[in-house]
Amino acid sequence: MLDGALVIDAVAHSYDFRDTNNASGRYSQAVTDLIFGAHTALSPAGYRVPREQFIRDWDVEETANLLFVESDYDLACHHVLQLSAYHDGGSGLEKAREAKRRWPDRFIVYAGVDPLQPNAVESLEQQVEELDPVGLKLYPNSWRGEEVRGWLMDDPEVAFPLFAKAQQLGLKVVAIHKAVPLGPVPMKHYRMDDLDAAADAFPGLAFEVVHGGMAFVEETAWQLARYPNVYVNLEVTASLTMSAPAQFTQALAGMIGPSGPGAIERLLWGTGCSVWHPGPPLEWFWNSFAFPQELLEGFGLPQIDQDAKRKILGENYARLIGLDVEDAKARIADDAFARRRAEGKPEPYATTRSAGTAG
């Protein structure tokens, strides 16, 4: 907790990068290389894990420790991934199951399916029954061996039946990976245009654009302005705070511009832990970030003050899923993570199997 503010990482996962988990040959390797490259490029000094310590199976307890012991997060959303370049989807059902079972007051979960698989609806039903998730995580590509296929959010045969089922099952959010292409795949499935029809057709669902601001900033801004059920998850974008703060500032300014304070209400903080250490971006954003005065005057932006930061870091997400903030705080106030954190912040990765290797 930061000065009493509830801090939620809106996307966390515990990847298995081992070669034995690769399902699509060179495409699997391309995804792994992309993720490791992003870890190295966007992590600050002292927080870069060498390849031999990164390309492994990260367990859920390590993710929990990075968030709740080494950093000032209170809750996190652990996604079931169906990134089918990996046999288990990258961070599979079993890990979300463990997060929910062991730390129900710390972890929120999303189901995950591959819409191009014939059993997608049935899999969603089973996960909802087992996990009681609040949302559904999707990827715009599907890998089958050396074949890569894509789908679009406005597809009435592939996407809309899945959204209807999600709504029927009581899910609140559909999160879609956008803006960051996963290796040598067509860019068209990562663009923003297809979101319009989905947001319009399903006003009762929130559509969460994961990696919003990494590309297509203007399109994203106008979706925030036009569709009250579109939200932006800042995973990856948040890591720019450490490597390219001016780019982060421009992306945030661009997305907020057309609708001002209304857009701030629908920005969600996310880091993608354990791909990155979640601590440094949070500390910088909370303690140091503000729009420069010339940007405020030149673009008519509202300042990101402490009240706005509280919203972005947790209150917006809590409102989105119907989470009682004070109750959530009370549930974790004296749990094992809180007691360990009170003893002092460990060195980066000290609570993981990569202890002592970060540089």
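Structure: above.
The structure displayed is predicted, hence computed values, not measured ones.

## Some points on the packing of helix α8 (residues 217-226) against helix α10 (residues 245-256)
The packing of two helices is summarised by the inter-axis angle and the distance between the axes. The contact between α8 and α10 brings their axes to 7 Å, and the two run at 40°. If you check the angle between α8 and α10, you find them oblique. Contact residues: Val-217, Thr-220, Ala-221 and Leu-224 in α8; Ala-251, Gly-254 and Met-255 in α10. Grouping the amino acids of the contact of α8 with α10 by side-chain chemistry returns 5 nonpolar, 2 polar and no charged.

## A word on the pairing of strand β6 (residues 147-150)
Two faces belong to every sheet, and in a regular strand the side chains alternate between them. Bridging between strand β5 (residues 141-144) and β6 involves 4 bridges; their strand directions are antiparallel. Pairing of Trp-143 across the sheet is with Val-148, part of β6. Connecting β5 to the next strand, β6, in antiparallel fashion are 2 residues, including Gly-145 with a positive phi near 60°.

## A look at the nonpolar core
By size, the foremost hydrophobic cluster in this structure holds 98 residues, and its most contacted members are Phe-163, Phe-207, Leu-252, Trp-269, Phe-291 and Ile-304. The residues contacting Leu-252, other than those within four sequence positions of it, are Leu-234, Leu-267, Phe-285, Phe-289, Phe-291 and Ile-304. Listed in part, the 20 residues of the second largest apolar core include Ala-10, Leu-75, Ile-108 and Ala-328.

## Description of the packing of aromatic side chains
The final tally for this structure, using the stated rule, is 21 aromatic pairs. Measuring from centroid to centroid gives 6.4 Å for Phe-17 and Tyr-86, while their planes differ by 70°, and the two rings are edge-to-face. In this pair, Phe-17 sits in the loop between β1 (8-12) and α1 (26-42) while Tyr-86 sits in the loop between β2 (75-79) and α4 (93-102), placing the two residues 69 residues apart along the sequence. Accessibility assignment for this pair places Phe-17 and Tyr-86 in one class, buried. Directly above the aromatic system of Trp-58 lies the positively charged group of Arg-56, at a separation of 3.8 Å from the ring centroid. The ring of Phe-68 carries Arg-106 above its face, with NZ or CZ at 4.9 Å from the centroid.

## Considerations on the environment of Ala-225
As for its position among the elements, Ala-225 is in helix α8. Each C-alpha atom, one on Ala-225 and one on Glu-157, is 27 Å from the other, the two residues being 68 residues apart in sequence. Ignoring sequence-local partners within four residues, the contact set of Ala-225 consists of Pro-258 and Ser-259.

## Section: the side chain of His-211
Tracing the chain through its elements places His-211 in the loop between β8 (206-210) and α8. In this structure the side chain of His-211 is engaged in a polar contact, spanning 3.1 Å, whose partner is the side chain of His-177. In this structure the side chain of His-211 is engaged in a polar contact, spanning 3.1 Å, whose partner is the backbone oxygen of Glu-235. The residues contacting His-211, other than those within four sequence positions of it, are His-177, Lys-178, Ala-179, Val-180, Asn-233, Glu-235, Val-236 and Thr-237.

## With respect to helix α15 (residues 325-332)
Residues Ala-328, Lys-329 and Ile-332 constitute the buried set of α15. With its buried residues spanning 100° around the axis, α15 presents them on a single face. Across from the buried face of α15, at angles greater than 90 degrees, the exposed residues are Glu-326 and Ala-330. Contacts from the buried residues of α15 go to β2 and α16 (336-342). Measuring from the side-chain oxygen of the N-cap residue of α15 to the backbone nitrogen of Glu-326 gives 3.1 Å; that N-cap residue is Asp-324.

## Considerations on the pattern of salt bridges
As enumerated under the stated definition, the model contains 27 salt bridges in all. For Arg-106, the salt bridge identified is with Asp-335, shortest N-O distance 2.8 Å. Of the two residues, Arg-106 sits in the loop between α4 and β3 (107-112) while Asp-335 sits in the loop between α15 and α16, which places them 229 residues apart along the sequence. The same class applies to Arg-106 and to Asp-335, which are both buried. A salt bridge links Arg-149 to Glu-147; the shortest N-O distance between them is 3.9 Å.

## Side note on the sheet that holds β2
With respect to topology, 8 strands assemble into an open sheet ordered β1-β2-β3-β4-β7-β8-β9-β10, the strand pairing being parallel. Single-partner strands in this sheet number two, and they are β1 and β10 (267-268). Pairing of β3 with strand β4 (residues 135-138) involves 3 bridges; the strand directions are parallel. Across the sheet, residue Ala-111 finds its bridge partner in β4, namely Leu-136. Strands in contact with helix α6 (residues 159-168) are β4, β7 (173-177) and β8; relative to β4, the strand with the most contacts, it is inclined by about 155°.

## Quick notes on the packing of α4 against helix α5 (residues 120-131)
It is at 11 Å that the axes of α4 and α5 come closest, and there the two elements cross at 20°. The angle between α4 and α5 falls in the class roughly parallel. As for the relative orientation of α4 and α5, their crossing is right-handed in sense. The residues of α5 that touch α4, namely those facing Leu-93, Ala-96, Arg-97 and Lys-100, are Gln-127, Glu-130 and Leu-131. When grouped by side-chain class, the residues that make up the contact of α4 with α5 number 3 nonpolar, 1 polar and 3 charged.

## Quick notes on the environment of Leu-224
Here Leu-224 shows up in helix α8. Residues in contact with Leu-224, not counting those within four places in the same chain, are Val-230, Tyr-231, Val-232, Met-255, Ser-259, Ala-263, Arg-266 and Leu-267.

Reading guide: rules and limits
Residues numbered from 1 in each chain as written. Predicted model: local features only at pLDDT ≥ 70, side-chain atom pairs only at ≥ 80, totals over all residues. Heavy atoms only, no water. Axes fitted to C-alpha atoms, helices over the stretch in contact; angles between N-to-C directions. Helix = DSSP H or I, 4+ residues; strand = E, 2+ residues; numbered from the N terminus. Parallel < 35°, antiparallel > 145°, perpendicular 65-115°, else oblique. Contact = heavy atoms within 4.5 Å. Nonpolar A, V, L, I, M, F, W, Y, C, P; charged D, E, K, R; others polar. Pairing = 2+ DSSP bridges. Core = buried A, V, L, I, M, F, W, Y, C linked by side-chain atoms within 4.5 Å. Buried < 20%, exposed > 50% of the residue type's maximum accessible area, 1.4 Å probe, protein only. Phe/Tyr/Trp six-rings, centres within 6.5 Å; stacked < 30°, edge-to-face > 60°. Lys NZ or Arg CZ within 6 Å of the ring centre and 35° of its normal. Polar contact = N/O pair within 3.5 Å; in protein donor to acceptor, adjacent residues only side chain to side chain. Arc of directions from axis to C-beta. Salt bridge = Lys/Arg side-chain N within 4 Å of Asp/Glu carboxyl O. Left-handed = near helix turned anticlockwise from the far one by under 90°.

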